[in-house]
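In case you want the letters, here they are:
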Amino acid sequence: MVNDKALVSGFGPIEMVVLQGTSYCNLNCSYCYLSEESRRHSATMTLETIQRAFEEVTSSPFTGSRLRVSWHSGEPLVLKPDYYRAAIETVLNVRDGSPRPDLVIDFDFQTNATLINAAWIEFFKEYEGLVTLGVSCDGPAELHDRHRKNWSGRSSHAATERGMQALSEAGIPFDVTAVISPDGLDEPELFLAYFEPFVPFIREFHFNLHDELFIDTRDRAGASSYVMRYKAFLSRLLDLIASGNYKTPKIRNFASFYNRLFVPAAERPSYDARSMSAPFKTVSIEMNGDLTTFYAGLTLDECGDQKNLYGDGRGLVIGNILESSLSEMAGSEKLKLMMHDFETSHSACESSCDYFDVCSGGYNLIKLRRHGTFGATETPECLVHVKAFADAVLEHMSGSLQAAG
Ligand code: SF4
């Protein structure tokens, strides 16, 4: 069955369902966006909640031709492989009996890899082609262990590395996400050298900056020095990659940017901020069934000081999957208000920011926090993530063209 997109113009289609199997995590990383209370809470999303969620997803008018189910937000591997066998079977059974048996579904885990053992290797082999995983590793021990410790304050690097080695030895490919903190910015060589042995098994590498912890808007000089260091990091990283002296994986940050620049809009998905945060494109479901949308990272636990933004104390939660249908949530007054606020934010960016076409968005709540209004534009995060990144990559391309010509 093909859904009538005209009925749901501006919504979805759902491409990603993020499930919080558990919010518990065996690590206590210094930059984690979940609260400590949440990361110490050992409850589990029930199979009934998963079943209800996918009964809704597969029968809703917001479903496209394929979607990814991602277990994230907490350490998913603290639960046993059998939990996920049952969860995957539940999702696929619901899909097979739904109006959308043709819907292509795959599954993904975002893990710190510290708990990967023989049972997990067996699981990932069993579901090869259906299940993928991404590992969070911040590079060599001297960088990783500064921020990624367990609850007793002990380092986690050795366990993460053992996990990546076990995956490599079993021939299981994985993605890597590395958080680059200020102390790693001056040494891109360390990242490339550290990950080199894993390159044959790394499908994609992605780096993040958690600069909001480090950028103080009142400290203009500090912010501008951070931007300069990030640009120097990117420029050096691109030089090192171009030198051919390191085996390097595909780096998603650069690949996505080149895609935006060089692939005609008609031949690629829309990557602009407005399209990336269309309601029901990404749906995040917390353990208790609470649902948020626009993009991942807006759950009640993550929205911090904005829990009462819409007067109900529930942050950006638009409903609970155990109590309301997706269509009811789509028609709710709260979602209408949120869509208005997000559109105010996107329109302000579109009319005043030269980087709008290369900005993937996701800064709406940051703009509100920093400036007190959705109608604001530039924040320190824009300066770093979007503007410094675009400038550094374009300057590097221009330098390479001049050197070649
Ligand atoms: S960089 Fe900032 S101001 Fe520019 S489009 Fe993105 S969010 Fe808006």
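Calculation criteria
Residues numbered from 1 in each chain as written. Predicted model: local features only at pLDDT ≥ 70, side-chain atom pairs only at ≥ 80, totals over all residues. Heavy atoms only, no water. Core = buried A, V, L, I, M, F, W, Y, C linked by side-chain atoms within 4.5 Å. Buried < 20%, exposed > 50% of the residue type's maximum accessible area, 1.4 Å probe, protein only. Helix = DSSP H or I, 4+ residues; strand = E, 2+ residues; numbered from the N terminus. Domains from an automatic or database assignment. Patch = residues over 30% accessible without salt bridge, like charges linked within 9 Å, V, L, I, M, F, W, Y side chains within 5 Å. Areas by Shrake-Rupley, 256 points an atom, 1.4 Å probe, with all protein chains shown as cover. Salt bridge = Lys/Arg side-chain N within 4 Å of Asp/Glu carboxyl O. Axes fitted to C-alpha atoms, helices over the stretch in contact; angles between N-to-C directions. Parallel < 35°, antiparallel > 145°, perpendicular 65-115°, else oblique. Contact = heavy atoms within 4.5 Å. Buried area = accessible area lost by both parts, 1.4 Å probe. Polar contact = N/O pair within 3.5 Å; in protein donor to acceptor, adjacent residues only side chain to side chain. Arc of directions from axis to C-beta. Pairing = 2+ DSSP bridges. Near = heavy atom within 4 Å. Nonpolar A, V, L, I, M, F, W, Y, C, P; charged D, E, K, R; others polar.

### Considering the nonpolar core
Moving on, step 1. Counting 99 residues, the largest nonpolar core has Phe54, Phe124, Phe207, Tyr230 and Phe280 as its most contacted members.
Moving on, step 2. Ranked by the residues each element gives to this core, the list is headed by helix H8 (residues 220-243), at eight residues.
Moving on, step 3. Two domains share this core, each providing at least three of its residues, namely domain 1 (5-273) and domain 2 (333-405).
Moving on, step 4. Residues Leu27, Cys29, Tyr31 and Val179 belong to the second largest nonpolar core, which totals five residues.

### A word on a nonpolar patch on the surface
Moving on, step 1. A contiguous nonpolar patch, built from Leu261, Phe262 and Leu394 and spanning about 270 Å² of accessible area, is present on the exposed surface.
Moving on, step 2. Take Leu261: it is sitting in helix H9 (residues 252-262).

### Side note on the packing of H9 against helix H14 (residues 380-404)
Relative orientation and spacing of two packed helices are given, respectively, by the angle between their axes and the distance between those axes.
Moving on, step 1. At a closest axis distance of 12 Å, the pairing of H9 and H14 adopts a crossing angle of 75 degrees. Considering the angle they form, H9 stands roughly perpendicular to H14. Between H9, through Asn253, Phe254, Phe257, Tyr258, Leu261 and Phe262, and H14, the contact on the second element is made entirely by Phe389, Ala390, Val393, Leu394 and Met397.

### Comments concerning the domain arrangement of the chain
As a measure of interface size, the accessible area lost when the parts come together is often cited.
Moving on, step 1. In terms of domains, the chain is made up of domain 1 (5-273) and domain 2 (333-405).
Moving on, step 2. Taken over C-alpha atoms, the centre of domain 1 sits 22 Å from the centre of domain 2.
Moving on, step 3. Opposite the 25 residues of domain 1 that make contact, domain 2 presents 25 residues.
Moving on, step 4. With both sides pooled, the region where domain 1 packs onto domain 2 buries about 2,200 Å², and carbon together with sulfur makes up 75% of that total.
Moving on, step 5. In terms of surface lost to domain 2, no three residues of domain 1 exceed Lys231, Phe257 and Ala273, which account for 27% of the buried area on that side.
Moving on, step 6. As a salt-bridge pair, Glu395 and Lys231 come within 3.2 Å of each other at their nearest N and O atoms.
Moving on, step 7. For the pair domain 1 and domain 2, the interface holds two residue pairs in polar contact (both at pLDDT 80 or more).
Moving on, step 8. Within the residue set of the side of domain 1 that touches domain 2, elements represented by two or more residues are strand E6 (202-209), H8 and H9.

### So, helix H4 (residues 118-126)
Moving on, step 1. Three or more residues of H4 are buried, namely Trp120, Ile121, Phe123 and Phe124. Seen along its axis, H4 keeps its buried residues to an arc of 160 degrees; they face one direction. Exposed and facing more than 90 degrees away from the buried side of H4 are Ala118 and Glu122.
Moving on, step 2. Residues of H4 that are buried make contact with helix H3 (81-96), strand E3 (104-111), strand E4 (131-136) and helix H6 (157-169).
Moving on, step 3. Put simply, Asn117 is the residue that caps the front of H4, since its side-chain oxygen is 3.1 Å from the backbone nitrogen of Ala119.

### Description of the environment of Asp102
Moving on, step 1. In this fold, Asp102 is placed in the loop between H3 and E3.
Moving on, step 2. Look at Asp102 and you get partly exposed, because its relative accessible area is 42%.
Moving on, step 3. In this structure, the C-alpha to C-alpha distance between Asp102 and Leu209, residues 107 residues apart in sequence, is 38 Å.
Moving on, step 4. In this structure the side chain of Asp102 is engaged in a polar contact, spanning 3.0 Å, whose partner is the side chain of Arg100.

### Quick look at helix H7 (residues 188-195)
Moving on, step 1. By the burial criterion, the buried members of H7 are Pro188, Phe191, Leu192, Tyr194 and Phe195. One side of H7 holds all its buried residues, which, seen down the axis, span an arc of 165 degrees.

### Structural notes on the sheet that holds strand E1 (residues 14-19)
Moving on, step 1. Read across the open sheet, the nine strands follow the order E6-E5-E4-E3-E2-E1-E7-E8-E9; overall the sheet is mixed. With one partner strand each, in any of the chains shown, E6 and strand E9 (319-320) form the two edges of the open sheet.
Moving on, step 2. As defined by bridge partners, E1 adjoins strand E7 (residues 282-285) across four bridges and the pair is classed as parallel. Each bridged residue has a counterpart across the sheet, and for Val17 the counterpart in E7 is Val283.

### Overview of the site of the ligand
Moving on, step 1. Near the ligand the following residues occur: Cys349, Cys353, Phe356, Cys359, Tyr363, Thr377, Glu378, Cys382 and Val386.
Moving on, step 2. In terms of residue class, the shell around the ligand is made up of seven nonpolar, one polar and one charged.

### A look at unusual backbone geometry
When glycine is set aside, most residues are seen to have a negative phi, and most peptide bonds are trans.
Moving on, step 1. Residue Pro13 follows Gly12 across a cis peptide bond; omega there is 0 degrees.
Moving on, step 2. In this structure, Pro13 sits in the segment before E1.
Moving on, step 3. With a phi angle near 70 degrees, Ser73 is a residue other than glycine that sits in the positive phi range.
Moving on, step 4. In this fold, Ser73 is placed in the loop between strand E2 (63-71) and H3.
Moving on, step 5. By relative accessible area, which is 8% here, Ser73 ends up buried.
Moving on, step 6. With a phi close to 70 degrees, Phe280 is a non-glycine residue in the positive phi region.
Moving on, step 7. With respect to the secondary-structure elements, Phe280 resides in the loop between helix H10 (273-276) and E7.

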